[in-house]
Amino acid sequence: MILSNEEVVAHSGALMHTYGRWPVAMVRGEGVWLWDADGNQYLDFAAGIAVTILGHSHPAIAEAIADQARTLLHCSNLFYIPQQVELANWLVNHSAMDQVFFCNSGTEASEAAIKLARRWAYHNGMPERSTVITLEHSFHGRTLGALTATAQPKYQEGFGPLLGGVRHVPVGDVKALEEALDGTVCAVMMEMVQGEGGVMPLPVDYVQEVRALCDRRNVLLVIDEVQTGMGRTGTFFAYEQFGVEPDICTLAKGLANGVPVGAVLAKRPVAEAFVPGSHGSTFGGNPLAMRAALATVEVVEKERLWEKAARRGAYLRGRLANALGNHPHFREIRGMGLMIGVVLDEGASQVAEACLKRGLLVTVAGGNTVRLLPPLIVEEPEIDMAVERLSAAMHDVFGRE
Ligand SMILES: *Cc1c(COP(=O)(O)O)cnc(C)c1O
């Protein structure tokens with residue numbers, strides 16, 4: 001039985017209402033396109049929230065998953081998993097890091113990063129250093145530890161008491177960070193471009209000052225690349241464009257093009273704080289997820305998709321500036337590569353809804369930011385079409401002012 005959008009929504013009462021969903025049920029995807037249960041077609045500039053970097057139904061990923069499913073899905077980390085070893089080596093060879101731990105999501109990667117930072121302090125005779133400092137407007141995930149690190153009250157409301165051991169400081173304020181960095185701190189954790197917070201790149205000089213300050217105080221720098229990683233911002237990791245190297249960094253969203261996976265990467269002296277038994281995951285790094293991730297990074301590397309993200313991102317920004325630059329409700333374009341925020345003075349949610357009606361999927365971040373996260377394989381004609389639809393949606397909402 002094939003249900004319509006309306007029927008799916010009508011039968012959805014058994015689901016907890018954790019999401020403000022559009023009344024649309026997605027059933028099929030191909031490249032940059034998605035189809036709903038009624039047969040409507042959408043240009044997907046949300047990419048499952050920065051996940052499907054190679055687009056939908058990519059043949060290499062589909063084949064890798066199918067083949068692995070016929071061979072071995074899961075065996076647990078009681079054994080070595082060849083694909084896990086291969087992916088860890090790939091990541092180490094393409095980053096400034098030395099060792100990798102695999103989990104299943106972004107929030108788990110944040111948790112593991114926080115645990116590793118604390119364990120590093122403990123391992124090095126500084127057990128009093130348990131505090132992690134994060135930035136205002138940050139987003140690190142929804143499980144309790146990551147939620148405590150996430151410095152946005154709207155995500156924390158009603159979930160107290162949070163876990164403690166986290167301090168938030170304002171973005172760009174070196175002095176505030178310096179004051180917060182007392183003898184109880186083991187790490188500073190931040191995104192290079194704050195995604196959920198509203199697509200806000202950190203100032204380069206600020207990031208470099210944070211790195212220098214962490215070095216002086218013997219504190220770890222953790223960079224959350226869950227959204228910015230995998231080439232999205234124009235380099236494989238966003239930190240490459242800031243002239244710093246983290247001690248720990250995370251990956252998740254785009255890593256396996258839609259199969260759930262997360263990773264924590266660290267420099268060897270830090271990674272060594274984890275010993276057998278100190279951290280783990282039943283599913284983490286299982287053959288299916290690893291095979292999907294291996295197929296994903298292979299395409300990313302072969303097609304040098306980070307370079308494509310930089311080029312197409314510049315093209316998209318140019319087209320957006322042309323189409324929207326004079327609109328009275330347009331404020332600015334922010335972001336890096338194919339992680340772009342169109343900031344309005346009001347009405348971003350209404351614009352996103354109007355986009356949906358015109359067959360363009362976008363997300364809303366940080367209040368009045370329309371966020372564009374197309375697959376990294378997006379081509380110029382598709383970008384042109386998206387900009388046309390977005391600017392038509394602006395007129396739908398605001399009229400021809
Ligand atoms: C999405 C996101 C997370 C959380 O990832 P989940 O897979 O949803 O748990 C963490 N950090 C950043 C920067 C993110 O964008």
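If you're wondering where the values come from, they're calculated on a predicted model, not measured in any experiment. (Residues numbered from 1 in each chain as written. Predicted model: local features only at pLDDT ≥ 70, side-chain atom pairs only at ≥ 80, totals over all residues. Heavy atoms only, no water.)

A.B. asks: I keep staring at the sheet that holds strand β15 (residues 360-361) and nothing clicks. Help me out?
C.D. replies: Sheet strands pair by backbone hydrogen bonding; their relative direction is either parallel or antiparallel. Ordered in space as β1-β2-β3-β15, the 4 strands form an open sheet in which the pairing is mixed. The outermost strands of the open sheet, each flanked by one partner alone, are β1 (26-30) and β15. Across 4 bridges, the pairing between β1 and strand β2 (residues 33-36) is antiparallel. Across the sheet, residue Glu30 finds its bridge partner in β2, namely Trp33. Set on the sheet, helix α14 (residues 380-398) makes contact with β2, β3 (41-44) and β15; between it and β3 the angle comes to about 105 degrees. (Pairing = 2+ DSSP bridges. Helix = DSSP H or I, 4+ residues; strand = E, 2+ residues; numbered from the N terminus. Contact = heavy atoms within 4.5 Å. Axes fitted to C-alpha atoms, helices over the stretch in contact; angles between N-to-C directions.)

A.B. asks: In this structure, what is going on with the layout of surface pockets? I would like to understand it.
C.D. replies: A water-sized probe rolled over the atoms picks out the places where empty space is left. What the second largest pocket holds in volume is close to 870 Å³. Every residue lining the second largest pocket is counted, 27 residues in all, and those nearest its centre are Asn77, Gln84, Val100, Phe101 and Phe102. Looking at the lining of the second largest pocket, the elements that each hand over two or more residues are α4 (82-93), β4 (99-103) and β12 (262-266). Tallied by class, the residues present in the lining of the second largest pocket amount to 16 nonpolar, 10 polar and 1 charged. (1 Å grid on protein atoms, 1.4 Å probe; cavity = no way out; pocket = protein on both sides within 12 Å on 5 of 7 lines; lining within 4 Å. Points joined across faces, edges and corners; volume = space filled by probe spheres on them. Nonpolar A, V, L, I, M, F, W, Y, C, P; charged D, E, K, R; others polar.)

A.B. asks: Can you help me understand the pairing of β3 in this one?
C.D. replies: Regular strands show a simple pattern: their side chains alternate between the two faces of the sheet. The pairing of β2 with β3 spans 3 bridges and is antiparallel. Paired with Leu34 across the bridge in β3 is Tyr42. Between β2 and β3, which pair antiparallel in sequence order, lie 4 residues; one of them, Gly39, sits at a positive phi of approximately 90 degrees. Here 2 bridges tie β3 to β15, and the two strands are oriented parallel to one another. Considered in β15, the bridge of Leu43 is made with Leu360.

A.B. asks: When you look at the pairing of strand β10 (residues 220-224) in this model, what are you seeing that I'm missing?
C.D. replies: Among the 5 residues in β10, 5 count as buried, and that is most of the element. Burial along β10 is two-sided: Leu220, Val222 and Asp224 and Leu221 and Ile223, pointing in opposite directions, are all buried. Here 4 bridges tie strand β7 (residues 185-190) to β10, and the two strands are oriented parallel to one another. Residue pairing in the sheet places Val188 in a bridge with Leu221 of β10. Bridge count between β10 and strand β11 (residues 248-251): 3 bridges; the pairing is parallel. Across the sheet, Ile223 pairs through a bridge with Cys249, a residue of β11. (Buried < 20%, exposed > 50% of the residue type's maximum accessible area, 1.4 Å probe, protein only.)

A.B. asks: What is the right way to read the packing of α4 against helix α11 (residues 287-302) from this model?
C.D. replies: Any two packed helices are characterised by the angle at which their axes cross and by the distance between the axes. Viewed as axis vectors pointing N to C, α4 and α11 meet at an angle of 35 degrees, and their least axial separation amounts to 9 Å. With respect to the hand of their crossing, α4 and α11 are arranged in left-handed fashion. Two secondary-structure elements touch here, α4 through Gln83, Gln84, Glu86, Leu87 and Trp90 and α11 through Pro287, Met290, Arg291, Ala293, Leu294, Val297 and Glu301. For the contact of α4 with α11, the class distribution of residues is 7 nonpolar, 2 polar and 3 charged. (Left-handed = near helix turned anticlockwise from the far one by under 90°.)

A.B. asks: Explain the nonpolar core here, please?
C.D. replies: Most often, soluble globular proteins have nonpolar side chains that are buried together. With 97 residues, the main nonpolar core has Val188, Leu320, Leu372 and Leu390 as its most contacted residues. For this core, the leading source of residues is α11, giving 9 residues. Ignoring any residue separated from it by four or fewer positions in sequence, one finds Leu372 in contact with Phe45, Leu316, Leu320, Leu338, Met339, Ile340, Val342, Val362 and Leu390. Core analysis: the next-biggest nonpolar cluster, separate from the first, contains 25 residues, Met126, Met189, Val222 and Ala271 among them. (Core = buried A, V, L, I, M, F, W, Y, C linked by side-chain atoms within 4.5 Å.)

A.B. asks: Hey, could you run me through the site of the ligand in this one?
C.D. replies: In the vicinity of the ligand, the contacting residues are Ser105, Gly106, Thr107, Phe139, His140, Gly141, Glu191, Asp224, Val226, Gln227 and Lys253. Taking Thr107, its main chain carries an N or O atom lying 2.7 Å from an oxygen atom of the ligand. Note that a nitrogen atom of the ligand is positioned 3.2 Å from one of the backbone N or O atoms of Phe139. Relative to its unbound accessible area of 380 Å², the ligand is 82% covered by the protein chains. Looking at the shell around the ligand residue by residue, the classes come out as 2 nonpolar, 6 polar and 3 charged. (Near = heavy atom within 4 Å. Polar contact = N/O pair within 3.5 Å; in protein donor to acceptor, adjacent residues only side chain to side chain. Areas by Shrake-Rupley, 256 points an atom, 1.4 Å probe, with all protein chains shown as cover.)

A.B. asks: How do you make sense of unusual backbone geometry when you look at a structure like this?
C.D. replies: If a residue is not glycine, its phi is most likely negative; likewise, a peptide bond is most likely trans. Between Gly160 and Pro161 the backbone carries a cis peptide bond, its omega angle lying at -5 degrees. Within the secondary structure, Pro161 is located in the loop between α7 (153-156) and β6 (166-169). Despite not being glycine, His137 has its phi angle at roughly 70 degrees, a positive value. Look at His137 and you get partly exposed, because its relative accessible area is 40%. Phi angles above zero are rare outside glycine, and Arg304 is one such case at about 45 degrees.

A.B. asks: What's the story with the environment of Gln241 in this structure? I'm lost.
C.D. replies: Inspection of the secondary structure assignment puts Gln241 in the loop between β10 and β11. On the basis of relative accessible area, Gln241 is assigned to the partly exposed category, the value being 34%. For the pair formed by Gln241 and Pro260, sequence separation is 19 residues and the distance between their alpha carbons is 27 Å. Residues within four places of Gln241 in sequence aside, it is in contact with Val204, Thr233, Gly234, Thr235 and Met336.

Everything listed here is a matter of geometry and, on its own, says nothing about what the molecule does.
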